[in-house]
Amino acid sequence: MKLIIATIKPFKLEDVREALTEIGVRGMMVTEIKGFGAQSGHTEIYRGAEYAVNFVPKIKLEIVVESASADQVVETIIKSAQTGKIGDGKIFVLDVGQTVRVRTGESGTEAI
Amino acid sequence: MFTKRTSLIAGAVAASCLPSLGLAQSADVTPLNGEIGFIFTTFMFLVAGFLVFWMAAGFAMLEAGLVRSKNVAMQLTKNIGLFSLASLFYYLIGYNLMYPGDGWSIEGTLGAFGPAVLEAVGLADTEADMTYASVGSDFFFQLMFCAATASIVSGALAERIKLWPFLVFTVLLTAVIYPIQASWKWGGGFLDAMGFLDFAGSTVVHSVGGWAALTGAIILGPRIGKYTKEGKTVPIPGSNLTLATLGTFILWLGWFGFNGGSQLYMDTAGNVADISRIFANTNTAAAGGAVAALILTQLLYKKPDLTMVLNGALAGLVSITAEPLFPSLGTATLIGAVGGVIVVLAVPMLDRFKIDDVVGAIPVHLFAGIWGTIAVAFTNPDAAFFTQLYSIVVVGIFVVITSAVVWFVLKSTMGIRVEEEVEINGLDMAELGMEAYPEFGRS
């Protein structure tokens, strides 16, 4: 099993959710986050004074899938979240030691 | 505004037209011809008066929206506190100091001392001035202007001034400082005698509030974190621009009473037409100020700044207040638009001097107030440029000196500024033990 962590532009969330649902992803966790990477913030002006917005709003997705479908999920996120402009986000893929469904106590891929 | 309290000769004549006392209470009495003007003007003062009253709500919402959420409850407390204290002290001291009639303590300079007294019930045994309005309506209307002056100060000093010293300042402003200088013009004092023109108070109300706010802001110092050691300005965005916008629209509404009521008479077709002109001019000046700020912030900063547009509308209103009657709609729009430009340029200028004005009260009420007072000379043929300028300076010097004395005395006795920790944690919890939005943040 793999945990896929993806940060994307907030306005792409709906596209990504639809695309992942189409390839059979049955669940995901979504968090509103702020951060910076290559885009490294920008400046805004309030009442004539410039200020730096160091942390840019992003959406973080966490998806656990069977190892075999991890590459397809990553491809789908790239396709649906990409704008080609700076700040599109990052994807991390991690190994998952165990998964348990709280309601039934099932574990492993059954619990995904 | 013209000088109030016209002579009692007219009142004595009018007294013979009074209905007999018993009939005054019954419903089927047709007003006598001699009373109709009195009735309409009085009614006009009451309507205009409660419109100006509503401006207190506008100031409260504007300020609540432009301070941070940790200081909102305190800002609201200051607003209702200052309005109520202004009501009491204008009654106890201010009204007769401002309108002494023939009872000047120093002719043309210092009015009379004593609380306001209304006519007897049903005008019993009263020689009411039938050419004007009831004393009750005049007092009610004038009181609202006094309270508006104090409201101007609270926004500029928000988020760092202690509650009680601020309220003590409010008492002195509304009981003494405002009424004395207002008597010079509206009470028929020496500025009025010189020919100074200030229809509804660009100088008498707005710049006075602005001078007191400027003096206070300098003595109080900026909020912690507003300016860096290198001198850079750090924006401190307000908590709720919805409230700030609602507050601006409320002020805009109230201004129709502020300027319209300052016609002071609604007893002839000519006066009603003039009030209508004033309403239309007041509206278009606000629009001019807002549009000017909208366009100018887009050009300067690549994005419009809502808070500046709100300030721009208010600056337009302040600018037209000194002469809302004579200008054409087009000229009124331009006068308001200049006010909007002044605000957009003055806000960053104050920041360069490290004068921290939380809501933009100083650019809106002081700078646009000065502009509006000067602009009278361009539209009203009776205005003299140097008399306008002289009056602006005289009133400015008086208010800066008197408020500076009060602020320094308060600073050395009660202290005017909250502790550093209190300021950072927010005045709501520290000084009031309550929050405006308790369901957000800490639970």
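Before reading further, recall that the structure is shown in the block above.
Before going into details, it helps to say that this report is about the structure given with it.

Calculation criteria
- Residues numbered from 1 in each chain as written.
- Chains lettered and ligands numbered in written order.
- Predicted model: local features only at pLDDT ≥ 70, side-chain atom pairs only at ≥ 80, totals over all residues.
- Helix = DSSP H or I, 4+ residues; strand = E, 2+ residues; numbered from the N terminus.
- Rg over C-alpha atoms; globule rule 2.2 N^0.38 Å.
- Buried ≥ 20, exposed ≤ 12 C-beta atoms within 10 Å, placed from the backbone.
- Core = buried A, V, L, I, M, F, W, Y, C linked by C-beta atoms within 7 Å.
- Contact = placed C-beta atoms within 7 Å.
- Expected span 1.5 Å × (residues − 1).
- Bend = angle between axes of the 7 residues up to and from the residue.
- Nonpolar A, V, L, I, M, F, W, Y, C, P; charged D, E, K, R; others polar.
- Axes fitted to C-alpha atoms, helices over the stretch in contact; angles between N-to-C directions.
- Left-handed = near helix turned anticlockwise from the far one by under 90°.

## Comments concerning the overall build of chain B
Now for step 1: For chain B, the helix and strand inventory stands at 15 helices and 0 strands.
Now for step 2: The C-alpha radius of gyration of chain B comes to 22 Å, within 12% of the 22 Å expected for a compact globule of 443 residues.
Now for step 3: Principal axes of the C-alpha set define a box for chain B whose edges measure 75 × 45 × 45 Å.
Now for step 4: In chain B, which comprises 443 residues, the share counted as buried stands at 53%.

## A look at the nonpolar core
Now for step 1: Counting 131 residues, the largest nonpolar core has A147, A156, L157, A213, L317, V343 and I362 of chain B as its most contacted members.
Now for step 2: Per-element accounting of this core gives the leading share, 14 residues, to helix α2 (residues 33-66) of chain B.
Now for step 3: Not counting chain neighbours up to four residues away, the residues in contact with V343 of chain B comprise A293, M308, N311, G312, A315, G360, P363, V364 and A368 of chain B.
Now for step 4: Of all hydrophobic cores here, the second largest spans 13 residues; its members include I8, V16, I77 and A81 of chain A.

## Thoughts on helix α3 (residues 72-98) of chain B
Now for step 1: If you check α3 of chain B, its first and last C-alpha atoms are just 33 Å apart, much less than what 27 residues at 1.5 Å a residue would give, namely 39 Å.
Now for step 2: Where α3 of chain B bends most, the angle comes to about 60°, and this point is Y90 of chain B.

## As for the interface of chain A and chain B
Now for step 1: Taken together, the contact between chain A and chain B spans 6 residues of the former and 12 residues of the latter.
Now for step 2: At the level of elements, β3 (42-46) and β4 (49-53) of chain A are the ones that each hand at least two residues to the side of chain A that touches chain B.
Now for step 3: Class assignment of the residues belonging to the side of chain A that touches chain B gives a composition of 4 nonpolar, 1 polar and 1 charged.

## What to know about the packing of helix α1 (residues 13-22) of chain A against helix α2 (residues 70-81) of chain A
Residues and elements named next belong to chain A.
Now for step 1: Packing of α1 against α2 brings their axes to within 9 Å, and their N-to-C directions diverge by 145°. Between α1 and α2 lies a crossing whose hand is right-handed. The segment α1 lies against α2, with D15, V16, A19 and L20 engaging V73, T76, I77, K79, S80 and A81.
Now for step 2: Looking at the contact of α1 with α2 residue by residue, the class counts come to 6 nonpolar, 2 polar and 2 charged.

## Observations concerning unusual backbone geometry
Now for step 1: Even without glycine at this site, R47 of chain A takes up a positive phi of about 50°.
Now for step 2: Inspection of the secondary structure assignment puts R47 of chain A in the loop between β3 and β4.
Now for step 3: Phi at D125 of chain B is positive, roughly 55°, even though this residue is not glycine.
Now for step 4: Mapped onto the fold, D125 of chain B is located in the loop between α3 and α4 (135-156).

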